[in-house]
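# Fold and contact review
Take a look at the letters that make up each chain.
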Amino acid sequence: MKIALLGIGLMGYPMGRRIRDAGYALHVWNRTPAKAQRLAAFGAVVHDKPVDAVQDADIVITMLDNGSVVHKVLFDLGTAAAMKLGALLIDMSSIKPAEARDHAARLSELHIAYLDAPVSGGTIGAESGSLAIMAGGKPAAFDQALPVLNVFGRATHVGPVGAGQLAKLAN
């Protein structure tokens, strides 16, 4: 399975290492290339553009600053359009529930499944694989994502798209 990880910051870096440690093929991108380059030592393929990182990826994970950055990366930079049909996007960024629902609707038009799956547990949880993951989306998307989410911690399906973000807010 090929996984693309977009956003290699404080959380994305240890998450990327855990993906590689679990044996998955990993392609990465970050707005600051040097941050993504750190994962090359662990076997990740680093890309200059997010559209290149997601080519043929089965699962694309975003761990970005906020909803407007997620929107820009997915839609303004053409990343969503570059994803293969039937791929799954797992947005692990903390964004507004309405933004998650909008992103899911736009991705659905491209035949891409969506899961909003923000996390709790900070960098220590990301490093140790003990993140609490609150996932919103269709049950089939959650089932598809679960083996990868288990690499990061404990995932719970909390309802439809946007419910993961609501659960994070409540947390």
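Now for a description of the structure that goes with this document. Residue numbers here run from 1 along each chain, matching the order of that chain's written sequence. At least 70 in pLDDT is required for a residue's local features to be given in this predicted model, at least 80 for side-chain atom pairs to be given and counted, and no such filter applies to totals for whole chains, interfaces and linings, which use all residues. Hydrogen atoms and water are omitted, and side-chain values are computed over all heavy atoms in the structure.

Next up on the list: unusual backbone geometry. Notably, Asp56 is not glycine yet its phi reads approximately 65°, a positive angle. A run of DSSP states H or I qualifies as a helix once it reaches four residues; a run of E qualifies as a strand once it reaches two. Both are numbered from the N-terminal end. Within the secondary structure, Asp56 is located in the loop between helix 3 (50-53) and strand 4 (59-62). Think of it in three bands: residues with accessible area under 20% of the maximum for their type are buried, residues over 50% are exposed, and the middle band is partly exposed, with areas taken using a 1.4 Å probe on protein chains only. The class for Asp56 is exposed, based on a relative accessible area of 53%. Its identity as a non-glycine residue notwithstanding, His111 has a phi of 65°, on the positive side. Topologically, His111 is positioned in the loop between helix 6 (97-109) and strand 6 (113-116).

A few words now on the environment of Gly164. Position of Gly164 relative to the elements: it lies in helix 9 (residues 163-170). Taking the C-alpha atoms as reference points, Gly164 and Lys2, separated by 162 residues in sequence, lie 24 Å from one another. Should any heavy atoms of two residues lie within 4.5 Å, those residues are counted as being in contact. For Gly164, the contacting residues outside a window of four places in its chain are Asp116, Pro118, Met134, Ala135, Gly136 and Val158.

With that settled, consider the pairing of strand 6. Two faces, one strand: in a regular strand the side chains alternate between the faces of the sheet. Of the strand pairs in this sheet, strand 5 (residues 88-91) and strand 6 are connected by four bridges, and their pairing is parallel. In the strand pairing of strand 6, Asp91 is matched with Asp116. A strand pair is defined by DSSP finding two or more bridges across the two strands. One ladder, built from two bridges, connects strand 6 with strand 8 (residues 131-137); its direction is antiparallel. Bridged to Leu115 within strand 8 is Gly137.

What makes a salt bridge here is a side-chain nitrogen of Lys or Arg within 4 Å of a carboxyl oxygen of Asp or Glu, nothing more. Tallied over the entire structure, the rule returns two salt bridges. We note a salt bridge from Asp58 to Lys84, for which the minimum N-O separation is 2.8 Å. Placement of Asp58 in the loop between helix 3 and strand 4 and of Lys84 in the loop between helix 5 (79-82) and strand 5 is noted, with a sequence separation of 26 residues between them. Asp58 gets classed as partly exposed once you look at its relative accessible area, which sits at 25%.

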